[in-house]
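Notes for the structure review
For reference, the chains in residue letters:
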Amino acid sequence: MGPRGLLHLLLVLLDCWASVSAQAGATPVVTMEDLNSTEPAPTTLRPALSPRPPETSRAPRPSSGPRPTPVTDVAALCVCDLSPEKCDVNCCCDPDCSSTDFSIFSACSIPVVMGDSQFCSQKAAIYSLNFTADPPQRIFKLVEQINPSIFCIHITNYKPALSFINPEVPDENNFDKLMKTSDGFSLNAESDASFTDKPDAPNSAKYEVPITVQSIVFRSLNKTLTRLEYTDVLRQVLVETGQVQVCTNVVLEVKYSLTYTDAGEVVQADLSLLLGAVSSAMVPLQQKFEIYFIQQNTKPVPLSGNPGYVVGLPLAAGFQPQKGSGIIQSTNRYGQLTILRSTTEQDCLAAEGIRTPVLFGYSMQSGCKLRLTGAVTCRLVAQKVKSLLKGQGFPDYVAPFGNSRAQDVLDWVPVHFITQTSHVKDSCQLPVALAIEVKWTKYGSLLNPQAKIVNVTANLISSSFPETSSGNERTILISTAVTFVDVSAPAEAGFRARPAINARLPFNFFFPFV
């Protein structure tokens, strides 16, 4: 082949190379990799497929920012590093821990740190402690882990997919931008139709529960309330009266009531609104939002607090019939822990069965008079008075909180029943007083402390009386008392320990004096 023929062949090859380069720029190349080789296999360029119809494809949503760089280096991964800029105990991969911290570790909570176990080969960071050294030291090894499974993943083609996208939190600066890039916050007929056209789209209509507007109440400037009969769309109206501006139909309170079944399915949603008129002198405006969850086919159980006791509500109490069972409580919440109630007659025999509930935070005292005659034996009178003081079904346990559950027996506070007697020869021992002492403490946050009962003591006091002869009468006083004692420890402000300043002076600091 002569020089002219060689020149013609080079021109043909350059033309082919230009056409191939143009196709490569228009159509992305799909790289296929062999399982036994890490080099990309040669691929054949093919014409691009025709695009899908517009109705079967959707434009991709813009992301909330650039994808973060995934951390795939196992030496930099540490799943037990939970405290920022602090050393976590027994976390051998925590970069905030020093050699001094490692010397007091008992073991490595995470001994091996590795990536996805489905890969055929990957790096693994192994951490251990050498207790033979003085002081103990941490040992770090970076080894190669081999997956023996034949279905392992050889290599991942898309590195950014190994991590999630950090969502952009809306604020006053980027809210308008996010509103333009998102689909909005309301559903209309067009958006519903776009989802129902797809045969494989899930039917979300059966999961939707309509919200029923139960009531709309309007409050005027003079605090009068008017119930609105219509539930049409109400818009805010700004009215100017002199120098004062009044805006009507402003939302003041919103109350949601959700009814659910035993399986957790919401079957009904109700809404109650309180609208009002607000003047410019009432700003800033405070709105109130409430939500109630009601279980279907059940009656609400009144509580004495949630969780702590509320002053003025009865104490929750009960008894345990046998070991291992729950607490049995009376259906009458005001009859679970009671004391003798005083009457105008002051007769103990007439006051039998008349009780008053023990209310949290209320220290009470009651009593009556009992006449003793020689016709009644001392033993019978003692049993009668004891039954009168304790009442029917005196409880064995008291709930620590107002919403304590009956099945949590270990949380309930036992009632310590103490009997005090004084033995005198030829005398009648009669119980004359029942003193109940309830110790409680403030539990939880200092901003919203909750009342918790920690101890309950019932002290039955007996006295000795001489035997009453025939024809003589004696009147004794029977009393009951309930005392609430606050045993909360005083709140003390906590401060961090002073930092130890490890200051070292240079060796020639005092030169030439020393």
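Residues numbered from 1 in each chain as written. Predicted model: local features only at pLDDT ≥ 70, side-chain atom pairs only at ≥ 80, totals over all residues. Heavy atoms only, no water.

**Notes on the pairing of strand β4 (residues 211-219)**
What counts is decided by this rule: Strands are treated as partners if at least two bridges between them are detected by DSSP. Only DSSP runs of H or I reaching four residues or more are called helices, and only runs of E reaching two or more are called strands; each is numbered from the N terminus.
Where β4 meets strand β8 (residues 266-279), eight bridges bridge the pair, whose relative direction is parallel. Across the sheet, residue Arg 219 finds its bridge partner in β8, namely Gly 276. Sheet topology places β4 next to strand β5 (residues 225-228); four bridges connect them, and they run antiparallel. Note on β5: the bridge partner recorded for Val 217 is Arg 227. Linkage of β4 to β5, two consecutive antiparallel strands, is achieved through a turn of five residues, within which Lys 223 is found at a positive phi near 75°.

**Digging into the side chain of Asn 174**
This is how it is decided: Buried, partly exposed and exposed residues are distinguished by accessible area as a fraction of the type maximum, computed with a 1.4 Å probe on protein chains only: under 20%, between the cut-offs, and over 50%, respectively. N or O atoms within 3.5 Å of each other form a polar contact, as long as, within protein, one can give a hydrogen and the other can take it, and as long as residues adjacent in sequence are counted only when both atoms are side-chain atoms. Contacts between residues were defined by any pair of non-hydrogen atoms, one from each residue, lying within 4.5 Å.
Position of Asn 174 relative to the elements: it lies in the loop between β3 (137-146) and α3 (175-181). Among the residues examined, Asn 174 registers a relative accessible area of 9% and is labelled buried. Polar side-chain contacts of Asn 174 include one of 2.7 Å to the backbone nitrogen of Asp 171. If we ignore the near neighbours within four places in the chain, the residues touching Asn 174 are Glu 168 and Val 169.

**Focus on the sheet that holds strand β17 (residues 450-466)**
Through backbone hydrogen bonds, the strands of a sheet pair up, either in parallel or in antiparallel fashion. Spelled out, the test is: What counts as an axis is a line fitted to C-alpha atoms, over the stretch in contact for a helix, and the angles between N-to-C directions run from 0 to 180 degrees.
Here we have seven strands laid out as an open sheet, ordered β10-β14-β15-β17-β16-β18-β13, and mixed in their pairing. With partners counted over all chains shown, the strands left at the sheet margins are β10 (317-318) and β13 (364-373), one partner each. Relative to strand β15 (residues 413-420), strand β14 (residues 397-398) runs antiparallel, the two being bridged by two bridges. When the sheet's bridge partners are listed, Tyr 397 is paired in β15 with Pro 414. Along the sheet, helix α5 (residues 378-390) contacts β13, β15, β16 (427-443), β17 and β18 (473-486); its crossing angle with β16, the most-contacted strand, is approximately 20°.

**Observations regarding the state of the cysteines**
The condition that has to hold: The disulfide definition used here is simple: a pair of cysteine sulfur atoms within 2.5 Å.
Per the stated rule, a full pass over the model turns up seven disulfides. Through a disulfide, Cys 87 is tied to Cys 97; the S-S separation comes to 2.0 Å. On the sign convention where negative means left-handed, the S-S torsion of about 95° between Cys 87 and Cys 97 marks this disulfide as right-handed. Note that Cys 87 is positioned in the loop between α1 (3-26) and α2 (99-102) and Cys 97 in the loop between α1 and α2, a separation of 10 residues in sequence. Assessed through its relative accessible area of 28%, Cys 87 is described here as partly exposed. With a sulfur-sulfur separation of 1.8 Å, Cys 348 is cross-linked through a disulfide to Cys 368. Between Cys 348 and Cys 368, the S-S dihedral sits near 105°, and the bridge is therefore right-handed. Highlighted residues: Cys 348 in the loop between β11 (338-340) and β12 (355-357) and Cys 368 in strand β13, separated in sequence by 20 residues. Pair check on accessibility: Cys 348 and Cys 368 agree, each one buried.

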